[in-house]
Amino acid sequence: MPKPTPTQLDFKTSSMRAFLHLLLNTLFVSVINFTVWFAITFYTYLQTKSVFATGIIAGIFLVFTAASGIWFGSLVDHHKKKTMMQVSSLSSLVAYLCALAIYLAVDKAVFTDPTSPILWAFIVLLMIGVIIGNIRTIAMPTLVTILIPEAVRDKANGLVGSASGVSFLVTSALSGLLVAWNGMLGVLWLAVGILVFSIIHLWFVRVPEKGIVHVEGQESPSKKVDLKGTFRIVRQVPGLWALILFSTFNNFLGGVFMALMDAYGLELMSVQAWGLLWAVLSTGFIFGGLIIAKTGLGKNPLRTLLLVNVAMWSITILFPLQASVIMLAVGMLVYMYLIPYAEAAEQTILQRVVPLERQGRVFGFAQSVEQAASPLTAFAISPIAQFIFIPFMTTGAGVGMIGSWFGTGVNRGIALLFILAAVIGLTASLLALSSKYYRALSAKYQESKQTGEADAPGINRAAQEGLVT
């Protein structure tokens, strides 16, 4: 007699306990990795007073992330997932120990010179440690595929989203406090301690993965990156390219907010109030993920993804209409609440339509393409805001055209740019909902759900029995 399909996450099963241990481990490591990233950015600016130097740090993250995603995905596919998480922690630990050695050995005056080779060696080591942590972000959704029954994977993805929200909340406060306390010393010692804990903890977590999963007769895993094979898999799933490009386009528009949101908020309130507001806003991310863990994403996660985008872009049209702290706070709280829905929906779709033996590479490919978009816009949009939109709403034609009801000044120029980006995003989301790619990928998702095509010869069985070369 077949077992009934689960409708809720069962926290009593061994696979669920393993998932929670992995999620907790990843949460701690993500917090410290992003704390290192934020801290070195803060520290570099405070020491050098160079905006250019902090921009280069963002550029290092952009280039390394875009260049490494597919390679990291190949590592995840060609090795056991837990092993790669351990390798990630160990590699980050080595990088942070080398950086700590530099920090303890040199005169701190060298860190005040933005052209110092020692400063940049220190920065690059830390950024390598941070970026190697991306292996975990690729391995984690593949472990959801292995450990969690298909019917409740969307809810498990919601828990992953909540963990990301907690990471954001803690990182925002922790990095600034540590840098203010004693520069990078406290950050580095804490990073070393947490990574040692991560490696030891992972050693005792049992993951039912006896071998490297592949589908017999379809693929014999090799150790190469196999970019062509990844492209082929993406092309073979109807509408999958469109989904990745849609997410990339959304992130491209999101770069507008990445670059300008701090400036907009600081035009409306003090830096202390702005920091406190973001701590509150990040709770939306946490609660959004927890609600998904309870209710799921519905029968069609792709439809959920697009409808959420419609809602998010509609909100970002409305909150900048007036220079109001309340409108900003409410709008961004709802926006943060909806982000986990978009992220969990994309992960759930990929876990369903992409065979497990290729998921690492596809997740890595999506990460490379999608995450590169926001920083690219962030680099490009600042001069556009500075030299076009802000003058337009301070001394330009915009003052006479809409200034009487929209307002004037620096924050109104930024707000106008927000609204323009949101209108473009809303239009793209509505077009996507009516597109043939949406219908094709929705049909593929439902088909694979009914036939178990992506799971053949059974994802959980393959993981546990070890279909290996």
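Residues numbered from 1 in each chain as written. Predicted model: local features only at pLDDT ≥ 70, side-chain atom pairs only at ≥ 80, totals over all residues. Heavy atoms only, no water.

A.B. asks: Please explain helix α9 (residues 240–268) as it appears in this structure.
C.D. replies: Note: α-helices contain 3.6 residues per turn, so residues at a spacing of three or four share the same orientation. Here α9 contains 29 residues, and its C-alpha end-to-end distance of 41 Å stays within 8% of the 42 Å for a straight helix at 1.5 Å per residue. The largest bend in α9 comes to about 50°, at Leu-260. (Helix = DSSP H or I, 4+ residues; strand = E, 2+ residues; numbered from the N terminus. Expected span 1.5 Å × (residues − 1). Bend = angle between axes of the 7 residues up to and from the residue.)

A.B. asks: So what exactly am I meant to see when it comes to the nonpolar core here?
C.D. replies: Across soluble globular proteins, nonpolar side chains have a tendency to be buried as a group. Among the nonpolar cores identified, the biggest contains 139 residues, and Phe-19, Met-184 and Met-261 are the most heavily contacted of them. Look past the residues within four positions of Met-261 in its chain and what remains in contact with it is Trp-274, Trp-278, Phe-319, Leu-328, Met-332 and Phe-418. (Core = buried A, V, L, I, M, F, W, Y, C linked by side-chain atoms within 4.5 Å. Buried < 20%, exposed > 50% of the residue type's maximum accessible area, 1.4 Å probe, protein only. Contact = heavy atoms within 4.5 Å.)

A.B. asks: So what exactly am I meant to see when it comes to the environment of Tyr-103 here?
C.D. replies: By the element assignment, Tyr-103 lies in helix α3 (residues 81–105). The exposure class assigned to Tyr-103 is buried, which follows from its relative accessible area of 6%. Considering only alpha carbons, one finds Tyr-103 and Ile-118, 15 residues apart in sequence, at a separation of 9.4 Å. Contacts of Tyr-103, omitting those with residues within four sequence positions, involve Tyr-43, Lys-108, Phe-111, Phe-122, Asn-182, Gly-183, Met-184, Leu-185 and Leu-188. A polar contact is formed between the side chain of Tyr-103 and the backbone nitrogen of Met-184, at a distance of 3.3 Å. (Polar contact = N/O pair within 3.5 Å; in protein donor to acceptor, adjacent residues only side chain to side chain.)

A.B. asks: Please explain the packing of aromatic side chains as it appears in this structure.
C.D. replies: Two measures describe an aromatic ring pair: the distance that separates the ring centres and the angle between the ring planes. The tally for this structure, following the rule as stated, stands at 15 aromatic pairs. When the centroid spacing of 5.5 Å and the interplanar angle of 35° are considered together, the rings of Trp-71 and Phe-72 count as tilted. Taken together, a centroid distance of 5.7 Å and an interplanar angle of 50° make the contact between Tyr-337 and Tyr-341 tilted. You can see Tyr-337 and its partner Tyr-341 sitting in helix α12 (residues 325–353), 4 residues apart, about one turn around the helix. Overall, Tyr-337 belongs to the partly exposed group, its relative accessible area being 29%. Here Tyr-341 falls in the buried class, since its relative accessible area comes to 11%. Put simply, the rings of Phe-34, Trp-37, Phe-38 and Phe-42 pair up and form one aromatic cluster. The lysine or arginine in question, Lys-108, covers the ring of Tyr-103, its NZ or CZ lying 4.6 Å from the ring centre. Sitting over the face of the ring of Phe-406, Arg-412 holds its NZ or CZ atom 4.5 Å from the ring centroid. (Phe/Tyr/Trp six-rings, centres within 6.5 Å; stacked < 30°, edge-to-face > 60°. Lys NZ or Arg CZ within 6 Å of the ring centre and 35° of its normal.)

A.B. asks: Whenever I open this one, a nonpolar patch on the surface confuses me. Can you help?
C.D. replies: Judged by side-chain polarity, Val-196, Ile-200, Trp-203 and Phe-204 come together as a nonpolar surface patch covering roughly 490 Å² of accessible area. Looking at Phe-204, the relative accessible area reads 66%, which means it is exposed. (Patch = residues over 30% accessible without salt bridge, like charges linked within 9 Å, V, L, I, M, F, W, Y side chains within 5 Å. Areas by Shrake-Rupley, 256 points an atom, 1.4 Å probe, with all protein chains shown as cover. Salt bridge = Lys/Arg side-chain N within 4 Å of Asp/Glu carboxyl O.)

A.B. asks: Is there a simple way to think about the side chain of Arg-136 in this case?
C.D. replies: Tracing the chain through its elements places Arg-136 in helix α5 (residues 134–147). In terms of polar contacts, Arg-136 uses its side chain to reach the side chain of Thr-26, at 3.1 Å. Residue contacts for Arg-136: discarding those within four places in its chain leaves Asn-25, Thr-26, Val-29, Met-85, Ser-88, Ser-89, Ser-198 and Leu-202.

A.B. asks: Whenever I open this one, the packing of α9 against helix α11 (residues 301–318) confuses me. Can you help?
C.D. replies: Each pair of packed helices can be described by the angle between their axes along with the distance between the axes. Two numbers describe how α9 lies on α11: the axes approach to 13 Å, and their chain directions differ by 20°. Classified by the angle between their axes, α9 and α11 sit roughly parallel to one another. The handedness of the crossing between α9 and α11 is left-handed. Taken together, the residues of α11 that come into contact with α9 (itself represented by Leu-243, Phe-246, Asn-250, Leu-253, Gly-254 and Phe-257) are Leu-302, Leu-305, Leu-306, Asn-309, Trp-313 and Thr-316. (Axes fitted to C-alpha atoms, helices over the stretch in contact; angles between N-to-C directions. Parallel < 35°, antiparallel > 145°, perpendicular 65-115°, else oblique. Left-handed = near helix turned anticlockwise from the far one by under 90°.)

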